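A look at the structure
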Amino acid sequence: MDVSQYLEIFLDESSEHLQTLSDCIMSLEKEPENKDTINEVFRAAHSLKGMAGTMGFKRMQHLTHDMENVFQEVRSDHIKVDSNMIDLLFECLDALDAYLENIKASSDEGTEDNELIIKELNDFIAKANGEQPAEETKPEPEKTEVKEESAEKKVEQFELTDAEINSVKEALDGGQHVYAVKVTIQKDCLLKAARAFLVFKAVEEFGQILVYRPSSQDIEDEKFELEFSFYIATNESADKLVAAAKNVSEIEDAVAEPVDLTQSQPEPEKEEKKEEKTDSPAPEAKKAPEPKKAPAAGKKTTTAKPVTNRTVRVDIEKLDALMNQVSELIIAKNSLVSISGNEGDSTNSQSFQEQIEYLERITTNLHESVMKVRMVPIESVVSKFPRMIRDLSRTLNKKMELIMTGEDTELDRTVVDQIGDPLQHLLRNSADHGLEDNETRIQRGKPEVGSIYLNAYQEGNNVIIQVGDDGNGIDTEAVKNKAVERGIVTPEQAEVMTQKEIVNLLFLPSFSMAKKITDISGRGVGLDVVKSNIEALGGDVEVATKLGEGTTFTVRLPLTLAIIQALMVEIRDEKYAIALGSISNIEDIPVADIKYIQAEEVIHLRGNVIPLIRLDKVLDIEPREEEPESLTVVIVKRGDSQAGLVVDNLIGQQEIVIKSLGKYINGNKLISGATILGDGEVALILDVNTLM
Amino acid sequence: MAEKKVENAELETKQYIVVSIGNEQYGIDIGYVDNIVRMQKITRVPKAQPYFKGIINLRGEIVPVMSIRRKMGLEDDVITNASRIIILKIEEKGSLGIIVDEVKEVVTLATDEIDKSATSSKNVKDNFINGIGKTGDSLVSLFEISAIVDEKENA
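Residues numbered from 1 in each chain as written. Chains lettered and ligands numbered in written order. Predicted model: local features only at pLDDT ≥ 70, side-chain atom pairs only at ≥ 80, totals over all residues.

Looking at an unreviewed UniProt entry, one finds chain B named Purine-binding chemotaxis protein CheW and attributed to Roseburia porci.

Chain A goes by Chemotaxis protein CheA in an unreviewed UniProt entry, where it is assigned to Roseburia porci. UniProt, in its Catalytic activity (unreviewed entry) section for chain A, records the words "ATP + protein L-histidine = ADP + protein N-phospho-L-histidine." (UniProt positions renumbered as here; feature names shortened; annotations may be inferred.)

Turning our eyes to something else, we now look at the overall build of chain B. When helices and strands are tallied, chain B shows 2 helices and 11 strands. The N-to-C order of helical and strand elements in chain B reads β-β-β-β-β-α-β-β-β-β-β-β-α. Considering chain B as a whole, with its 155 residues, one finds that 30% of them fall into the buried category. Of all intrachain contacts in chain B linking residues separated by at least 6 positions in sequence, the fraction that spans at least 24 positions is 54%. (Helix = DSSP H or I, 4+ residues; strand = E, 2+ residues; numbered from the N terminus. Buried ≥ 20, exposed ≤ 12 C-beta atoms within 10 Å, placed from the backbone. Contact = placed C-beta atoms within 7 Å.)

On to the overall build of chain A, then. Summing up its helical and strand segments, chain A has 25 helices and 24 strands in all. Taken across its 692 residues, chain A has 33% of its residues classed as buried. Residue pairs in contact within chain A that sit at least 24 positions apart in sequence constitute 71% of those at least 6 positions apart.

Take helix H2 (residues 35-54) of chain A next. Between its terminal C-alpha atoms H2 of chain A stretches 29 Å, which fits the 28 Å expected from 20 residues at 1.5 Å a residue. Taken across its 20 residues, H2 of chain A has 15 buried, putting it largely inside the fold. (Expected span 1.5 Å × (residues − 1).)

With that settled, the discussion passes to the confidence of the model for chain A. Residue and element names in this part refer to chain A. When pLDDT is averaged along chain A, the result is 76, and 83% of the positions lie at 70 or above. This stretch, residues 132-153, has a pLDDT under 50; its non-local contacts, to residues over four places away or in other chains, come to 29 contacts. Every residue in residues 264-308 scores below 50 in pLDDT, and together they form 68 contacts with partners more than four places removed in sequence or on other chains. (pLDDT = per-residue confidence, 0-100.)

On to the sheet that holds strand S14 (residues 563-571) of chain A, then. Residues and elements named next belong to chain A. The strand order S22-S14-S15-S24-S23 describes an open sheet built from 5 strands, whose pairing is mixed. If you trace the sheet from one side to the other, it starts and ends with strand S22 (649-657) and strand S23 (671-676), each paired once. Sheet twist, expressed as the mean angle between neighbouring strand axes with direction ignored, is 35 degrees. Judged from the 6 bridges that link them, S14 and strand S15 (residues 574-579) form a sheet pairing that is antiparallel. Paired with Ala566 across the strands is Ala579, a residue of S15. (Pairing = 2+ DSSP bridges. Axes fitted to C-alpha atoms, helices over the stretch in contact; angles between N-to-C directions.)

A few words on the nonpolar core. With 72 residues, the main nonpolar core has Val41, Val181, Val199, Ile232, Leu241 and Ala245 of chain A as its most contacted residues. Each of domain 1 (3-138) and domain 2 (142-283) of chain A accounts for three or more of the residues forming this core. Excluding its chain neighbours within four sequence positions, the residues that come into contact with Val199 of chain A are Val183, Ala245, Val248 and Ile251 of chain A. Leu615 of chain A together with Phe52, Met72 and Ile129 of chain B belong to the second largest nonpolar core, which has 70 residues in total. (Core = buried A, V, L, I, M, F, W, Y, C linked by C-beta atoms within 7 Å. Domains from an automatic or database assignment.)

Below, the discussion takes up the interface of chain B and chain A. Contacts between chain B and chain A engage 18 residues on the former and 21 residues on the latter. Of all the secondary structure elements, the ones that give two or more residues to the side of chain B that touches chain A are strand S4 (52-58), strand S5 (61-66) and strand S7 (94-100) of chain B. Classifying every residue of the side of chain B that touches chain A by side-chain character gives 9 nonpolar, 5 polar and 4 charged. (Nonpolar A, V, L, I, M, F, W, Y, C, P; charged D, E, K, R; others polar.)

Okay, the packing of helix H3 (residues 58-75) of chain A against helix H4 (residues 83-106) of chain A next. All names here are of chain A. For the pair H3 and H4, interaxial distance at closest approach is 10 Å and the crossing angle is 160 degrees. With respect to their mutual orientation, H3 and H4 come out roughly antiparallel. Handedness of the crossing formed by H3 with H4: left-handed. Residues Arg59, Met60, Leu63, Thr64 and Met67 of H3 touch H4, and the partners they reach there are Cys92, Ala95, Leu96 and Tyr99. For the contact of H3 with H4, the per-class residue count stands at 7 nonpolar, 1 polar and 1 charged. (Parallel < 35°, antiparallel > 145°, perpendicular 65-115°, else oblique. Left-handed = near helix turned anticlockwise from the far one by under 90°.)

Here we come to the environment of Glu436 of chain A. All names here are of chain A. Position of Glu436 relative to the elements: it lies in the loop between helix H18 (413-434) and helix H19 (438-443). Linking Glu436 and Lys398, residues 38 residues apart in sequence, is a C-alpha distance of 7.9 Å. Setting aside anything within four residues of it in sequence, one finds Glu436 in contact with Arg441, Gly471 and Asn472.

For the rest of this paragraph, the subject is the sheet that holds strand S13 (residues 550-558) of chain A. Residue and element names in this part refer to chain A. Strand order across the open sheet formed by 5 strands is S8-S10-S11-S13-S12, with mixed pairing between neighbours. Of all strands in the sheet, those bounded by a partner on one side alone are strand S8 (400-405) and strand S12 (540-546). Neighbouring strand axes in the sheet, compared pairwise and without regard to direction, differ in orientation by 15 degrees on average. Where H18 meets the sheet, it contacts S8, strand S10 (450-459), strand S11 (462-469) and S13, and its direction lies at approximately 20 degrees from that of S11. In the packing of helix H23 (residues 527-536) onto the sheet, contacts are made with S12 and S13, and the angle to S12 comes to roughly 140 degrees.

Another point: unusual backbone geometry. Residues and elements named next belong to chain A. Phi angles above zero are rare outside glycine, and Asn397 is one such case at about 60 degrees. Within the secondary structure, Asn397 is located in the loop between helix H17 (385-396) and S8. Note on Asn397: 9 C-beta atoms within 10 Å, which makes it exposed. With a phi angle near 50 degrees, Arg572 is a residue other than glycine that sits in the positive phi range. With 14 C-beta atoms packed within 10 Å, Arg572 lands in the partly exposed category.

On to the packing of helix H1 (residues 7-30) of chain A against H4 of chain A. All names here are of chain A. It is the contact of H1 with H4, at a shortest axis distance of 11 Å, that shows an interaxial angle of 165 degrees. Classified by the interaxial angle, the pair formed by H1 and H4 is roughly antiparallel. For the crossing formed where H1 meets H4, the hand is left-handed. Of H4, the residues touching H1 (which contributes Leu11, Ser14, Ser15, Leu18, Leu21, Ser22, Ile25, Leu28 and Glu29) are Ile86, Leu89, Phe90, Leu93, Leu96, Asp97, Leu100, Ile103 and Lys104. For the contact of H1 with H4, a count of residues per class yields 12 nonpolar, 3 polar and 3 charged.

Right, let's talk about H23 of chain A for a bit. All names here are of chain A. Within H23 the residues assigned to the buried category are Leu527, Val530, Lys531 and Ile534. The buried residues of H23 all sit within an arc of 95 degrees when viewed along its axis, so they share a single face. Structurally, H23 contributes buried residues whose contacts are with H18, S12 and S13. (Arc of directions from axis to C-beta.)

Once that is clear, we can look at the confidence of the model for chain B. All names here are of chain B. On average, residues of chain B carry a pLDDT of 82, and 83% of them reach 70 or more. Scored below 50 in pLDDT, residues 1-9 shows 0 contacts in the model against residues more than four places distant or in partner chains. Both scores are given for the predicted complex: the pTM is 0.50, the ipTM 0.84.

Below, the discussion takes up the environment of Ala171 of chain A. Residue and element names in this part refer to chain A. Tracing the backbone through its elements, the reader meets Ala171 in helix H7 (residues 162-173). Residues Ala171 and Leu210, spaced 39 residues apart in sequence, show a C-alpha to C-alpha distance of 9.0 Å. Residues within four places of Ala171 in sequence aside, it is in contact with Gln176, Val178, Leu210 and Ala233.

See below:
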């Protein structure tokens, strides 16, 4: 058998455990005495060790083992948590992270032994042991607990086929021990077969499995409840087997006892299965050193995992396929709707209409459900930020704290996967450029500890993520001077620029305001990358700043990428879709009302001056032979700015499925995609952001 | 796994779809051809490369359609009843449609029926040709698909 198929699970779970460790160590730094947190840390480290061991990643196992030892000392009050230790633990986490990255990339943990970290870890333990007796004796009381627990469990000895009896006999004759092992999996375990496999893999290091109950095929197909058993021939003790089996995560319990052929053999016809108590294990087992196992067992009893939601891990590709099919369904539904709209005869159209409406409701609900399945909380991305800010606080030598709200805000999986880097960049920006150093803050009468915040919330069809700080704000004068200096704008242009326009200069490629290049930011690849990343996701980013008071970046992201509500418009004989989310209103404007500012057409609407965009001109459509008396203008907005798009006709609102134009047609920023209409025709989707 | 090298004489021949563009005949390696569809409404894409006619809906998929005439620097397409769109399947870039005046036939050419050297480098459209196939008494220019897919333009 091959472990590679379980690599995914391993990677997923390991990163979860690492995240738990990181979170807990963070909170441990704040309250070093919290027993619950210490236990949590211990548990996570222990599971990590077990998993790494099972998968054969020895270096990773070694490191986690020593880490676990430190936690063990903390747990038994031998050492106190101090900041040195926290730093060291974070180093460990980084090292473990590096192992995971290696494994992800090459299925191999790499060759870095991290001896230095291990040595430091051991120094901690040595220090503790200098004051206290060796730990080995410590967990003794727990041992009895294990005994009691296993005493209740009985391993059923089951019917054997002749061939199986022979193999058992052979093993016994060969001087090996044969144990019957019964393993119980936790109730909420999702991948029972995988767990069973990991157990087999673990115990096969000690010997050979002779008999599977249920059969190995059934186990592989998950045709079993929470228990499975096997016979194993080994030279090792039963306790080692049990310990190995229990080391696999989500294993509730494992019990082993020697197989007694003489008892089960004489009456093989009898259905009644032999039962034996485990409190009389093989003599070797009694001698086997047990303290090592005790903490593991102790852990199992105290675990009581937080009640997890019942979930299924699904490959994102399968979800994409599902989404595509729902899209097809919506297209088909739209074409039915358009047919029913055309059909004039009223005889059976009443019920036809009703069915169509019914179908429409179902497809809309189906679409919503699929969307919800694809939604994940942004927590998975932002949870690493507190740690990052902590590290930044050290390297920059500024006191700061991160306040996050709305971590449970949900976004489409594909968006969440890509939003991490831009957010990280904005946070680093705030930490490095935004916040003043401690002395300056005190002088200015601000709290010494700078605050950086990240707020996420949903607003209509968008999710807003604000990243800000209470630091110095952006010095627009300085930005202006820099822009002039760099020749980006002329001094004359600079004079008439609004605050907002100046701030937007920061999003230009290679425009860095950092006075000195630091490790954190200021290499000139910065906000422009943030902006383009966010725009690639169909979102946008804005800045609000006040000198001396702070800066806030507002990132606006669409909830979904694949299907949107759009307004269909017509320009001559071409049809275009405009995302409903970016439309603020629609106006009929008499041509006489058009004014000119700097030779550009504008309209004056309820106190706002809005530039007009002639779509036919922008899209290279033949001009109209004669101008009508009034224009249909779709007012679109992007952040605070507005523009009026001149169209010929409005067709109506429609749910459209966004399709890519493919890789051949390029240089086309105006069109963000295409969609297939009910009659099979193709319409293009206008990207309002690039029009403005 | 190693026994995949079952080579035979069949590999010596290749099938081509013969199409006419203007008054010349061209051959397209059948391995690239996914489908041949009738002319349909092509949605123009503003600001696209000039040799792209636009996009069509091919059973729910968006497929860009190229005018091979424009790409080769010939006069513009004249769409008739015989015009077809040949859908090519290109591994790394997805499907692509090209417009031809007419689809004639499928021919099987052996390697000795293909003249690789006959292309004169004077003519720009020869960049798109990788050989001349001789079938009966007519000649067929064989398209180099990668050149068609390529960004370069000879208009």
